[in-house]
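Here is what each chain is made of, one letter per residue.
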Amino acid sequence: MGSFEKFKMLDRMLKAVKYLLLIIGALFVFVPFLWMLSTSLKTGAESISIPPTLLPANAQWGNYVQAWGVAPWLLYFRNTLIIAVVGTTLLVLISILSAYAFTIFSFPGKKIIFMLYLATMMIPSELLIIQNYVTVTKLGWIDSFRGIIIPTLANGFYIFMLREYFMQVPSSLFRAAKVDGCGTWGYLWKVMVPMSKNAVSTIAILSFISYWNSFVWPLMVTNTDAHRVLSIGLMQFNYSVSSEVHLQMAGTTIVLLPMVIFYIIFRKKIVSGVAKGGIKG
Amino acid sequence: MLSKLKQKRSIKGKRSKVVIENGQISVRSPKAYLYLLPAVIVLVAFLFYPLIKILRMGFFERYVYITSTGTGFGLSSIKHVLADPVYQLALKNTCFIVFIGVPITVGLALLIAILINSLTKGKGFFQCAYFLPYVTSIYAVGIVFKWLFHSDYGYINLFIKIFGADAVHWLTDPKYVVLSVTLFTIWNGLALKVILFLAGLQKIDKQYYQAAKVDGTGRLRVFSKITMPLLSPTIWMVTMISVIHAFKTYSEIVALYGSDAAGPGNSAITVIFYIYNMFFTKGQVHYAAAAALIFLIIVIGLTAIQKIISKRFVYYV
């Protein structure tokens, strides 16, 4: 009996250590965000005090009003939203069409084309940026939504994820659809996509996040506010408030907040989608 | 089983022929090409074409992209890049991030995932908390880190002072810049790896653990004889993804230093930063392309090594 109690205590201690380690780890993950929030509410003097203070003496909500006035945030927000929504819609659409072709059709060259698609996943997109920049310049697409979105559609990743799901749709449904006078086009939209709506919504969410956060390519092909996304707007904003940390952090919070809310709402879907799909780019 | 596999059935349509093979429909119709067309257009225009173009560009001594003309076809640009001290520094820095940063990230992520997986309560909470950095804009987070690294006002120096260390100029002292970038990549990369490890752990068949429980096997033995071997494909996959990702380190540097220079005197330059810097800042397309060519060879080499090693050593169920 004594040894059992000892074992139970050891077990409880082990549990406590586990939680403690995880909380310390989570703290390291959260410190940058907490510091950002705290600093965004400090006064200019507080934000650069030595040693740094943990919390503001009085929360300066006015920092947000001031930061909001410096840059055209609504325009950046609108641009980001347009790029994320249009980019995601187009990418999901062309991925659905291709995945469908590889699922139910057989045609000469299927194997070779499939291999080429597979190869696209191994090519680092970083290599393509130089020539794509040249192409976009020659097409006159610099500083336009076309220039930001269209080159990023060259992405074979989601096609494979979708195909995996499409393959699981039972073929008996195809015969049934055929009897009902459904062609291949109707079968895709009336049966295949609704049956795989979990997979479709997962890739839509993942692609939305990566469009929302993309900044290397948009930075290269934009040069005016008219098409700038939030991250690049933030870059511009930081130049104009240069050394004022508290304002920089208010701006950074403005930029991060929409995605954090999006994450909290869709967290289960996002986490399971990433876990299933592995990685992108 | 075999007779079922070979079973074929045909349905005659108006134009196309439908065959059901191994339980999978296959429609013989040229319409398939129409479905593929949109993806093929963008893939050819913005993936295969630029790839071929860049591979060719790298072999020119001088190249003008506006007119798409080059002079002096040969290996001179590649030789120039390989001999460039800046490129060698970029390679050295990148290797630091890969060989120091990746093992730390993968190790930490594995530890965190195993801890989270062993919890009975709060699994979902910790999973979501650790994954947050994945969805936040790296540029925005980079600005925060810039200040955390600040030598006077930053929390990181405040933290190391507790242990009696002197203030470090993380982002301005060339001795520390690569370390700072690596720390940032560790923080940033942890999220994805934790989630991938958790997914791998959850895929392990519970039966093995039940069997071990019946046999009264100790915790450590269960871990070393069941968890680790069955997780090894995941560990391998995550490591390879991380290595390739770390070789591409670029956005972390732009987030910390902007896109004009990688820190003081380009001291934090990486291979990809070198390529873009050559092109956008210095306007030397041929060197940028040559550096890209070398990079592609590295990536292909890594992928080949991955294939060979995973065939030999990784235990698959």
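To be clear, the structure that these remarks concern was listed above.
The rules we used
- All chains use their own residue numbering, which begins from 1 and follows the written sequence.
- Labels follow written order: the first chain is A, the first ligand is 1, and so on.
- With the structure being a predicted model, the display of local features is reserved for residues of pLDDT at least 70 and the display and counting of side-chain atom pairs for 80 or more, all residues being used for whole-chain, interface and lining totals.
- Side-chain descriptors were evaluated using all non-hydrogen atoms of the structure, hydrogens and water having been removed beforehand.
- The helix and strand labels rest on DSSP assignments: H or I over at least four residues marks a helix, E over at least two residues marks a strand, and numbering proceeds from the N terminus.
- Note on classification: 1.4 Å probe, protein chains only; a residue is buried when its accessible area is under 20% of the maximum for its type, exposed when over 50%, partly exposed between these limits.
- For this analysis, residues touch if any pair of their heavy atoms sits within 4.5 Å.
- With residues, only the protein chains shown are counted as cover, and all accessible areas are computed by Shrake-Rupley using a 1.4 Å probe.
- Here a polar contact is taken to be a pair of N or O atoms separated by no more than 3.5 Å, where protein atoms must pair a possible hydrogen donor with a possible acceptor and residues adjacent in sequence count only if both atoms sit in side chains.
- Criterion for a salt bridge: a side-chain nitrogen of Lys or Arg within 4 Å of a carboxyl oxygen of Asp or Glu.

Draft legend 1. Summary view of the overall build of chain A. Along chain A, the regular secondary structure elements total 14 helices and one strand. Taking the principal axes of its C-alpha atoms as reference, chain A extends roughly 80 × 75 × 35 Å. Evaluated residue by residue, chain A yields a buried proportion of 53% over its 281 residues. Within chain A, contacts between residues separated by at least 24 positions form 73% of all contacts whose residues are at least 6 apart in sequence. Accessible surface, chain A as shown: approximately 13,100 Å² in total, 71% of it carbon and sulfur.

Draft legend 2. Just the side chain of Thr88(A), in detail. Residue and element names in this part refer to chain A. Among the secondary structure elements, Thr88 is positioned in helix α4 (residues 73–104). On the accessibility criterion, Thr88 (8% relative accessible area) is buried. Within the local environment of Thr88, its side chain forms a polar contact with the backbone oxygen of Ala84, the two atoms lying 2.5 Å apart. Dropping the residues within four chain positions of it, Thr88 is found in contact with Ile83, Ala204, Ser207, Phe208 and Tyr211.

Draft legend 3. Expanded view of helix α6 (residues 138–148) of chain B. The buried fraction of α6(B) amounts to 10 of the 11 residues, a majority that puts the element mostly inside the structure. Every buried residue of α6(B) is listed here: Ile138(B), Tyr139(B), Ala140(B), Val141(B), Gly142(B), Ile143(B), Val144(B), Phe145(B), Trp147(B) and Leu148(B).

Draft legend 4. Highlighting the interface of chain B and chain A. In this assembly, 95 residues from chain B lie in contact with 100 residues from chain A. Where chain B meets chain A, there are two salt bridges. Measuring nitrogen to oxygen at the nearest pair gives 2.5 Å for the salt bridge that ties Asp11(A) to Arg219(B). Our count for the chain B to chain A interface comes out at 20 residue pairs in polar contact (both at pLDDT 80 or more). By residue number, the principal contributor to the side of chain B that touches chain A is helix α2 (residues 31–57) of chain B, which donates 20 residues.

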